[in-house]
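# Summary of the model geometry
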Amino acid sequence: MSDALQVATPERVAVELPIAGLGSRAMAYLVDLALLGAVGLVAYFVVTFFVPDPVNAALELSAFVRIAAAAALFFALWVYWTLLEVAWQGQTPGKRLVRIRVVKLDGSPVTVLSSAVRNLLRIVDFMPVCYPVGIITMLVDRKHRRLGDLLGGTVLVRDEQVDLARYDQVTTSTVAVDDLALAMNYLSRFDDFEPAAQLRVGQKLAARLGLPGTDDAKALRDAIRAKLETR
Amino acid sequence: MAEPLPAFVARRRPEWTQLEAMLARQKSKSLSLPELTKLDALYRGASADLAVAQAAYAGTDVQRFLNQLCATAYATIYKPRGAPMESLRTFYLQTFPRLVREVLGPIRLSAAILGFGALLGAMTVWLHPDGARFLVGPDLRSFIDRGELWTDSALNGRTPSGMATEIFLNNLKVMISAFALGVTAGLGTALVILGNGLFLGAVLGTCVQGGVGPNIFSFIAAHGPIELSLICIAGGAGLHLGRALIEPGEHSRAVALRGNAQVSVQLLLGAAPFMVAIGVVEGFVSPGPYFPWPLKLAVGLLSGFGFWRWLLK
């Protein structure tokens with residue numbers, strides 16, 4: 001977690017948000033692009049189903065309808081990003097799939113204005129083709145922000161999914177961490193101890209671990225080792 | 001002093017699971033007040049657990065899990081209260097005019113660049129007719145040579161507003177690129193505005209030269225004043241953005257850029273609805289001889305006067 005956004009919460013705990021890199025961002029973008037393309041394709045076929053020649057038909061519509069339609073189309077692309085990012089707490093379908101989200105620099109959810117800035121600046125990042133400006137900015141910036149993010153005050157962070165299911169199997173009858181450290185220390189230094197010390201420390205340790213005490217140092221050592229290995 | 005990790009997980013995990021479930025339900029806003037109080041307590045508990053994990057179990061998956069849990073809960077609980085969604089009424093009565101007045105310097109500059117470009121375009125047509133061919137395409141020229149205006153013609157397969165839609169879209173593109181190119185320290189904005197002015201001047205010049213001067217002035221009379229104002233405002237927004245790089249003031253350039261971007265984007269978004277409205281005027285009122293030119297001129301002057309009076313009151 002070398003690249004992470006440090007957020008100081010009012011609870012006085014530092015939360016670390018791992019920053020999303022170029023790869024996952026490109027992936028999310030491609031997914032969104034495919035989605036928009038698919039919607040456009042379906043829309044085109046639906047329209048041609050009713051209207052044989054959409055281009056000429058569009059030219060015969062009234063001025064108001066056409067300007068409204070043109071404006072709607074023009075904003076649709078921009079609205080797709082901004083509206084979804086605000087409504088889905090910084091995610092678009094692509095970002096959701098790749099599990100990244102847009103947040104503001106303080107870790108709070110992205111606001112309308114910030115999202116508007118970063119998505120309007122998309123055309124500069126895209127210039128002249130395929131985001132060279134955005135990619136160079138991301139490579140230079142330590143937080144992997146493109147120009148739109150720099151101006152909007154936003155960062156893309158990764159959502160981590162950690163499954164704690166593997167702790168289900170663990171029983172609670174385990175050795176306490178401090179005792180574990182003591183016992184391992186004892187086992188590793190066993191051969192260096194004086195025989196008297198081997199017995200004395202071994203007996204104390206056995207008592208802590210709840211093992212029956214004996215007078216045989218070697219037996220104690222084996223019992224302690226067996227106890228550690230049954231964890 | 002620290003208990004073994006599995007015991008820690010076993011003891012605390014029920015509360016984490018509960019918090020996760022509550023956060024999922026909070027998205028649909030279906031939590032009651034006692035539940036919200038509970039959510040708060042659970043979040044604080046998880047925060048304390050995260051602190052413990054950072055101290056005793058650093059680098060484990062439990063720490064990462066708690067980190068993610070607290071990040072999600074933090075974003076949910078400390079969400080800024082609807083501040084950006086200020087009501088439209090306040091925005092247009094107060095915020096937008098205030099922002100325009102704040103950024104009046106760059107807006108004036110962008111108006112000057114537009115005017116300079118138009119002058120240059122008209123002079124080019126006047127003094128170097130050959131050079132003007134680069135500025136005004138053969139499409140427009142063919143109309144003008146026939147002694148009519150493209151907007152008057154219903155014969156070429158386009159309705160009278162066919163061109164108007166294109167002009168409208170072009171203006172929209174000009175506005176957005178004028179804003180966004182502000183990040184090039186305003187140079188890109190200046191170029192876009194200058195180019196737009198150049199085109200405008202060249203078209204007007206060519207029309208006057210071709211003998212359809214009255215027609216073109218009658219065409220732009222109704223929507224021209226506001227449309228040009230909007231382009232100047234968008235240009236001003238871009239230049240304001242660029243000013244953050246040239247003259248960041250007491251902030252670092254990055255911080256100044258971020259602050260100015262918030263102002264500029266509001267200018268652009270605020271101007272967008274006017275652009276649509278003026279597009280309708282351009283489509284209905286402006287083309288052809290359906291409305292007498294004095295009426296168009298009156299509409300244009302009054303709307304322009306009213307627009308700036310509202311902004312600068």
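Description of the structure in this document. (Residues numbered from 1 in each chain as written. Chains lettered and ligands numbered in written order. Predicted model: local features only at pLDDT ≥ 70, side-chain atom pairs only at ≥ 80, totals over all residues. Heavy atoms only, no water.)

### Quick word on the overall build of chain B
To keep things clear, this is the line we draw: The numbering of helices and of strands both runs from the N terminus, where a helix is a DSSP run of H or I of at least 4 residues and a strand a run of E of at least 2. Partly exposed residues are those whose accessible area sits between 20% and 50% of the maximum for their type, while under 20% is buried and over 50% is exposed, using a 1.4 Å probe and protein chains only. Computed by Shrake-Rupley with a 1.4 Å probe, the accessible areas treat only the displayed protein chains as cover when residues are assessed.
When helices and strands are tallied, chain B shows 13 helices and zero strands. When the elements of chain B are put in sequence order from the N terminus, they spell out α-α-α-α-α-α-α-α-α-α-α-α-α. Counting every position in chain B, which comprises 313 residues, the buried fraction comes to 49%. Approximately 14800 Å² of chain B is accessible, and the part contributed by carbon and sulfur atoms is 67%.

### Notes on unusual backbone geometry
In this structure, Arg12(A) is a non-glycine residue whose phi angle is positive, near 65°. Considering the arrangement of structural elements, one finds Arg12(A) in the loop between strand S1 (4–8) and strand S2 (14–18).

### Regarding the packing of aromatic side chains
We apply this condition: Centre distance within 6.5 Å is the pairing criterion for rings of Phe, Tyr and Trp, where only the six-membered ring of Trp is used; planes under 30 degrees apart are then read as stacked, over 60 as edge-to-face, and the remainder as tilted. Here, a charge over a ring is recorded when the distance from Lys NZ or Arg CZ to the ring centre is within 6 Å and its angle to the ring normal is within 35 degrees.
Under the criterion given, the structure shown has 22 aromatic pairs over all chains. The interplanar angle of 65° and the centroid separation of 5.8 Å between the aromatic rings of Phe8(B) and Trp16(B) together place this pair among those described as edge-to-face. Like Trp16(B), Phe8(B) is buried. Aromatic side chains Tyr92(B) and Trp310(B) sit 6.4 Å apart centroid to centroid with 40° between the ring planes, which places their arrangement in the tilted category. With Tyr92(B) in helix H4 (residues 88–102) and Trp310(B) in helix H13 (residues 293–312), this residue pair connects regions lying 218 residues apart in the sequence. Among the aromatic residues, those joined into a ring-pair cluster are Phe91(B), Tyr92(B), Phe96(B), Phe274(B), Phe307(B), Trp308(B) and Trp310(B). Positioned above the aromatic ring of Trp88(A) is the side chain of Arg96(A), whose terminal nitrogen or guanidinium carbon lies 4.1 Å from the ring centre. The ring of Trp81(A) has Arg122(A) lying over it, and the distance from NZ or CZ to the ring centre is 3.8 Å.

### What to know about the pairing of S1(A)
Residue and element names in this part refer to chain A. Stated precisely, the cut-off is as follows: Whether two strands pair comes down to DSSP finding at least two bridges between them.
Direction of pairing for S1 relative to S2: antiparallel, over a ladder of five bridges. In the sheet register, Val7 faces S2, and the bridge partner there is Val15. Where S1 folds back onto S2 in an antiparallel hairpin, the turn is made up of five residues, including Arg12, whose phi is positive at roughly 65°.

### Details of the packing of helix H2 (residues 33–56) of chain B against helix H3 (residues 61–77) of chain B
All names here are of chain B. Condition: Only the contacting stretch of a helix is used when fitting its axis, a line to C-alpha atoms as for every element, and angles between N-to-C directions run 0 to 180 degrees. In this scheme the crossing of two helices becomes right-handed for a clockwise turn of the near helix relative to the far one and left-handed for an anticlockwise turn of less than a right angle. Should any heavy atoms of two residues lie within 4.5 Å, those residues are considered in contact. Residue polarity follows a fixed list, in which Ala, Val, Leu, Ile, Met, Phe, Trp, Tyr, Cys and Pro are nonpolar, Asp, Glu, Lys and Arg are charged, and the others, Gly among them, are polar.
Remark: H2 packs on H3, axes separated minimally by 9 Å, with the N-to-C direction vectors making an angle of 145°. Considering only the axes of H2 and H3, their crossing is left-handed. Between H2, through Leu39, Tyr43, Ala46, Ser47, Asp49, Leu50, Ala53 and Gln54, and H3, the contact on the second element is made entirely by Gln63, Leu66, Asn67, Leu69, Cys70, Ala73, Tyr74 and Ile77. Class assignment of the residues belonging to the contact of H2 with H3 gives a composition of eleven nonpolar, four polar and one charged.

### Considerations on the interface of chain A and chain B
To keep things clear, this is the line we draw: When two components associate, each loses some accessible surface as probed by a 1.4 Å sphere; the sum of these losses over both components is called the buried area. Any Lys or Arg side-chain nitrogen found within 4 Å of a carboxyl oxygen on Asp or Glu counts as a salt bridge. Under this definition, polar contacts are N or O atom pairs within 3.5 Å; protein pairs additionally need one hydrogen-donor-capable and one acceptor-capable atom, and for neighbouring residues in sequence, both atoms have to be side-chain atoms.
Contact residues are listed per partner, giving 60 residues for chain A and 61 residues for chain B. Both sides of the chain A and chain B interface together cover about 5200 Å² of buried area, and 70% of this is carbon and sulfur. Summed over the shared surface of chain A and chain B, the result is two salt bridges. The residue Glu11(A) makes a salt bridge to Arg44(B) at a minimum N-O spacing of 3.5 Å. Inspection of the chain A/chain B interface yields ten residue pairs in polar contact (both at pLDDT 80 or more). Elements with a minimum of two residues in the side of chain A that touches chain B: S2, helix H3 (63–87), helix H5 (112–120), helix H6 (122–126), helix H8 (147–152) and helix H9 (177–189) of chain A.

### Some details on a nonpolar patch on the surface
Under the convention used in this document: Each patch is built from salt-bridge-free residues with over 30% relative accessible area, joining like charges within 9 Å and nonpolar side chains (Val, Leu, Ile, Met, Phe, Trp, Tyr) within 5 Å.
Judged by side-chain polarity, Val42(A), Val46(A), Val47(A), Phe49(A), Phe50(A) and Val51(A) come together as a nonpolar surface patch covering roughly 610 Å² of accessible area. Relative to the helices and strands, Val51(A) resides in the loop between helix H1 (22–50) and helix H2 (54–60).

### Looking at the environment of Leu147(A)
Within the fold, Leu147(A) resides in helix H8. Exposure remark for Leu147(A): the relative accessible area of 16% places this residue in the buried category. On a C-alpha basis, the gap between Leu147(A) and Val133(A) in space is 7.7 Å, while along the polypeptide they are 14 residues apart. Ignoring any residue separated from it by four or fewer positions in sequence, one finds Leu147(A) in contact with Val124(A), Asp125(A), Val133(A), Thr137(A) and Val183(B).

### Some thoughts on the nonpolar core
We apply this condition: Only buried residues count toward a nonpolar core, which is a set of Ala, Val, Leu, Ile, Met, Phe, Trp, Tyr and Cys residues joined through side-chain atoms within 4.5 Å.
Formed by 51 residues in total, the largest nonpolar core has its most connected members in Leu151(A), Phe96(B), Val100(B), Met175(B), Phe179(B), Leu230(B) and Leu267(B). Put simply, the parts of the chain that give this core at least two residues each are H5 and H8 of chain A together with H4, helix H5 (104–127), helix H8 (162–180), helix H11 (224–246), helix H12 (253–284) and H13 of chain B. The element contributing the most residues to this core is H12(B), with ten residues. With near-sequence residues (within four places) excluded, Val100(B) lies in contact with Ile107(B), Ile233(B), Leu267(B), Trp308(B) and Leu311(B). The next biggest cluster of nonpolar side chains, apart from the first, holds 35 residues, and it includes Leu5(A), Ile19(A), Val155(A) and Leu23(B).

### Thoughts on the side chain of Ser218(B)
All names here are of chain B. Mapped onto the elements of the fold, Ser218 is located in helix H10 (residues 213–221). Here Lys296 takes part through its side chain, which lies 3.2 Å from a polar atom of the side chain of Ser218. Leave out the neighbours within four places in its chain, and Ser218 touches Ser286, Trp293 and Lys296.

### Here's the deal with empty space enclosed by the protein
Think of a ball as big as a water molecule: rolled over the atoms, this probe shows where empty space is left. The condition that has to hold: Here a cavity denotes a set of grid points, spaced 1 Å apart and computed over the protein atoms alone, in which a 1.4 Å probe fits but from which it cannot get out, and a pocket denotes an open set meeting protein on both sides within 12 Å along at least five of seven lines; residues with an atom within 4 Å of a point are reported as lining. Grid points are joined across faces, edges and corners, and a volume is the space filled by probe spheres set on the points.
For the structure on display, the rule yields two cavities of 30 Å³ or more. Considering only enclosed or pocket space, the largest cavity measures out at about 220 Å³ in volume. Along the walls of the largest cavity sit 18 residues, with Arg101(A), Val103(A), Ala71(B), Thr72(B) and Ala75(B) positioned nearest its centre. Secondary structure elements with two or more residues in the lining of the largest cavity: S2, strand S3 (100–104) and strand S4 (154–158) of chain A together with H3 of chain B. Sorting elements by how many residues they give to the lining of the largest cavity places H3(B) first, with six residues. Taken together, the residues of the lining of the largest cavity break down into nine nonpolar, five polar and four charged.

### Description of H2(B)
Cut-off, in case you're wondering: Working rule for helices: expected span equals 1.5 Å times residues minus one.
The end-to-end C-alpha separation of H2(B) is 35 Å, in line with the 34 Å expected for 24 residues at 1.5 Å each. Within H2(B), burial applies to Leu39(B), Leu42(B), Tyr43(B), Gly45(B), Ala46(B), Ser47(B), Asp49(B), Leu50(B) and Ala53(B). Buried residues along H2(B) sit in contact with S2 of chain A together with helix H1 (5–27) and H3 of chain B.

### Describing H11(B)
Because an α-helix packs 3.6 residues into every turn, residues spaced three or four apart end up facing the same way. When the terminal C-alpha atoms of H11(B) are compared, their 32 Å separation across 23 residues agrees well with the 33 Å that a helix rising 1.5 Å per residue should span. Across the 23 residues of H11(B), 18 count as buried, placing the element largely inside the fold.

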